[in-house]
Amino acid sequence: MSDDRTSTTEEPRLTTRRTTHRRVPRLVVAALPLALAGLLSLLISGNALRPFERITVIESRMASKSDYFRDPEVEQLLLKHGIRVDIRRLGSRGIATRSLKGLDVVFPSGQPAAKLILDRPDDTGQTVRPFVSPLALGSFRDYAETLVKAGVAERQGGDRKTLYYDLDMEKFMTLLDGVDDPHPRDGKGRTADTWNGIGYDDVARDNRSNSGSVLVRTSNVCESNSAGTYLSMLAFVANDEKTPGSNHPNNPARAKEEVNRIAAEIKPLVTLQGMWADEQADSYFSALGESLAPIALIYEHQFLAHQIAHHAKHGGQDTDRVLLYPKPYALTEPQLISLSPKGDRLVELIEEDEDLRQRALELGFRIRVSGEDSASADLDKYLRDHGIQVPVPNPNQTKALEPGLQVLDDIINYVGDCPPPNPDDVT
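Note that the structure is predicted; figures quoted are calculated from it, not measured.

A. Representation of the environment of Gly228 in the model. Along the chain, Gly228 falls in helix H9 (residues 225-238). Linking Gly228 and Ile412, residues 184 residues apart in sequence, is a C-alpha distance of 6.7 Å. The contact partners of Gly228, leaving out residues within four places of it in the chain, are Leu408 and Ile412.

B. Looking closely at the layout of surface pockets. Approximately 700 Å³ is the volume attributed to the largest pocket. Lining the largest pocket are 34 residues, with Ser64, Asp67, Arg89, Glu279 and Gln302 positioned closest to its centre. Elements represented by at least two residues in the lining of the largest pocket include exactly helix H2 (66-69), H9, helix H11 (280-284), strand E8 (295-299), helix H13 (300-314) and helix H15 (354-362). Per-element tally for the lining of the largest pocket: the top contributor is H13, with five residues. Here the lining of the largest pocket is composed, by residue class, of 13 nonpolar, twelve polar and nine charged. When its volume is computed, the second largest pocket comes out at roughly 520 Å³.

C. Main features of empty space enclosed by the protein. What the rule picks out here adds up to two cavities of 30 Å³ or more. If you add up the space inside the largest cavity, you get close to 140 Å³. In terms of lining residues, the largest cavity is bounded by 13 residues, among which Arg93, Pro112, Ala113, Leu408 and Ile412 are the most central. Going through the elements one at a time, helix H5 (111-118), H9 and helix H17 (405-416) are the ones with two or more residues in the lining of the largest cavity. Looking at the lining of the largest cavity element by element, the count peaks at four residues for H17. Here the residues of the lining of the largest cavity are counted per class, giving six nonpolar, four polar and three charged. A volume near 50 Å³ is recorded for the second largest cavity. As for the second largest cavity, its lining consists of Tyr68, Pro130, Phe131, Ile350, Leu356, Arg357, Ala360 and Ile367. Of the residues belonging to the lining of the second largest cavity, the class tally is seven nonpolar, no polar and one charged.

D. Layout of the state of the cysteines. According to the stated counting rule, one finds one disulfide in the structure shown. Each disulfide pairs two cysteine sulfurs, and for Cys222 the partner residue is Cys418, the sulfurs being separated by 2.0 Å. Across the disulfide from Cys222 to Cys418, rotation about the S-S bond amounts to roughly -90 degrees, and the bridge is consequently left-handed. One end of the pair, Cys222, is in the loop between helix H8 (200-203) and H9; the other, Cys418, is in the segment after H17, and 196 residues separate them in sequence. Using a relative accessible area of 9% as the deciding quantity, one classes Cys222 as buried.

E. A look at the sheet that holds strand E11 (residues 336-338). Spatially, the five strands line up as an open sheet ordered E2-E1-E3-E11-E4, and their pairing is mixed. With partners counted over all chains shown, the strands left at the sheet margins are strand E2 (83-89) and strand E4 (127-128), one partner each. Examined bridge by bridge, strand E3 (residues 105-107) and E11 share two bridges and lie antiparallel to one another. Pairing of Val106 across the sheet is with Ile337, part of E11. Docked against the sheet, helix H14 (residues 341-352) engages strand E1 (56-62), E2, E3, E4 and E11, running at close to 145 degrees with respect to E11.

Parameters at a glance
- Residues numbered from 1 in each chain as written.
- Predicted model: local features only at pLDDT ≥ 70, side-chain atom pairs only at ≥ 80, totals over all residues.
- Heavy atoms only, no water.
- Helix = DSSP H or I, 4+ residues; strand = E, 2+ residues; numbered from the N terminus.
- Contact = heavy atoms within 4.5 Å.
- 1 Å grid on protein atoms, 1.4 Å probe; cavity = no way out; pocket = protein on both sides within 12 Å on 5 of 7 lines; lining within 4 Å.
- Points joined across faces, edges and corners; volume = space filled by probe spheres on them.
- Nonpolar A, V, L, I, M, F, W, Y, C, P; charged D, E, K, R; others polar.
- Disulfide = S-S within 2.5 Å.
- Buried < 20%, exposed > 50% of the residue type's maximum accessible area, 1.4 Å probe, protein only.
- Pairing = 2+ DSSP bridges.
- Axes fitted to C-alpha atoms, helices over the stretch in contact; angles between N-to-C directions.

Geometric values such as these leave the question of function open.
Spelled out as structure tokens, the structure:
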């Protein structure tokens, strides 16, 4: 008997899987236009491929003028040329007396240190002196007006609201030695050469007083160009406006005696301040600057850069801080010195690139073009255009001449009790 049952084979079913479309988050959609705009900006500025470009790192040792290379706009301008500068900060004389191994450039703030470096056996390449900056004393209005009352300073233009004063160094030095001099306005007895002794408590607003000594805060004379230049100025004035040792050119023994006498005379004018600070400008421009450093040794460009930035941020000048221009004056000339082919490239850029030169002007430097007069004219115009009072050159154009390197070295070592040079950085 046969099986009549027929087997039924089911047809395969086609299963369709439902696809779920995920929506793009709203935040991503909202951010897309910003991302596209940023990409477009990078393409236009030429920075889109910057992460893939080769950046040349230049190893450097710089003094106070490192402020220029640490400026964000200068850093960006150098990056456009594929250069980044790695800065190790040190005073100018410290740069000149230590090892230069592994460095591409050095940037001392003045000629004495630059000459020491160029006289060393190390291989040096191209050099440039891109700008100049006078040495000055940063102070505050009540203290400057006290010096006017004491007969050692004058307001530029006679205006009580001026930012600038001219300082008679010969008279001012009589207030720095802590001695009751015959000067009629330096105070008497225990108040001699103190701020209250010369009338600060009469001049100051809000019934303030200061019984502390009249002092100029400087950086370390053993390390710093500004402090060394200040010593040169003091020595020049103390020697009847002649460089120490120059009165006896044919008698080395007498010239040495003269140098030692001058060094001993000016030492208290500097050492009475006590411990030196590394960078006076930082203290002076801080919120506590008036209590930290009523008078601080700085450079003109630092004061002008502060005023330019203050005007840009607050719409006006900082009228509490003022600048004292010494008479006689001292002009500092920083020099960028190359020690390698990479350093040569940086020197060329600083010398030739117009944007870098313009930025230096905007930071208060007097740019070297065809001479000091041209440099001053360009800076004066920039200050006027940006609402900053222009300083007036003192009619007395006596310049404090720096002594020879050996004489200056002797004075610095005498005043600062400096350690011997360590050109190989031996510890």
